Amino acid sequence: MHFLDFGARASVDKSLSRLAQKGILRRVARGLYDLPRQHPWLGELSANPEKTAEAVALKQGLQLRPSGATAANALGLSEQMPAKTVYHTGGPSRKLNFSGQTVEFRHRSSRQMALSAEPTGLIVSALKSLGKARVDHTQLAKLCHDLSAKDRRVLLRELPLAPAWMHPHLRYLATGKEKL
């Protein structure tokens, strides 16, 4: 939430600082706060890295795409949980450290960022993570089952932006017809 509509910058900053000192808010990064959440057994939970990355991206006007391992996990192609939270962005590469966690933003070319976030960008990132040799029919069938008609049209429209080795897989996902 943007608080500058409620007053001058200095007074908003001071109010947020006081709320953080009292423990009502938690300062995650410069200009970024969250409400601390309590778990009955674990105590105070750390800030959510995904929401923190989204807030930073919104604040700086960046596009974000989950990295390959995160995308593969989100699509159900892998049960492996990524150890690091990594996002691809058209902006500069950087790391954001907070609450003992690190969110990494890795620069990608404008061509790579031209893919829509979902479904094409997510699918391309996941397939790239799996690798050309490890993509199989069961994974593609699962993806095919989860795509809506609108997603299929987007996939076909953005096909030229994907790596050439993925074209048969993406065409299969978009049309439901066997790969060439």
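Up top you'll find the structure we're talking about.
Note that the structure is a prediction, hence the values are computed from the model and not measured.

Asker: So what exactly am I meant to see when it comes to the pattern of salt bridges here?
Answerer: Where charged atoms of side chains with opposite charge meet at close range, the side chains can pair. Scanning all chains against the criterion turns up 6 salt bridges. Its salt-bridge partner being Asp146, residue Lys142 comes within 2.8 Å of it at the nearest N-O pair. Taken together, the residues Lys142 and Asp146, both in helix H6 (residues 137-146) and 4 residues apart, mark about one turn of the helix. Residue classification places Asp146 among the partly exposed positions, given a relative accessible area of 46%. Because the salt bridges share partners, they merge into one network encompassing Arg26, Asp34 and Glu44.

Asker: Explain the nonpolar core to me, please; I cannot follow it from the model alone.
Answerer: Within soluble globular proteins, side chains that are nonpolar generally end up buried alongside one another. Ranked by size, the top nonpolar core spans 24 residues in total, and within it Leu75, Leu77, Ile123, Leu127, Leu155, Leu170 and Leu173 carry the most contacts. At the level of secondary structure, the elements contributing two or more residues to this core comprise helix H3 (68-74), helix H5 (117-130), H6 and helix H8 (167-175). Ranked by the residues each element gives to this core, the list is headed by H5, at 6 residues. With residues near it in sequence (within four places) discarded, Leu127 still touches Val135, Trp165, Met166, His169 and Leu170.

Asker: Even after reading the chapter, I still don't get the environment of Leu32, so can you show me in this structure?
Answerer: Of note, Leu32 is situated in strand E2 (residues 32-34). As a C-alpha pair, Leu32 and Lys59 span 27 residues in sequence and 9.3 Å in three-dimensional space. Sequence-distant contacts of Leu32, defined by excluding residues within four places in its chain, comprise Arg26, Arg27, Thr52, Ala55 and Val56.

Parameters and conventions
- Residues numbered from 1 in each chain as written.
- Predicted model: local features only at pLDDT ≥ 70, side-chain atom pairs only at ≥ 80, totals over all residues.
- Heavy atoms only, no water.
- Salt bridge = Lys/Arg side-chain N within 4 Å of Asp/Glu carboxyl O.
- Helix = DSSP H or I, 4+ residues; strand = E, 2+ residues; numbered from the N terminus.
- Buried < 20%, exposed > 50% of the residue type's maximum accessible area, 1.4 Å probe, protein only.
- Core = buried A, V, L, I, M, F, W, Y, C linked by side-chain atoms within 4.5 Å.
- Contact = heavy atoms within 4.5 Å.

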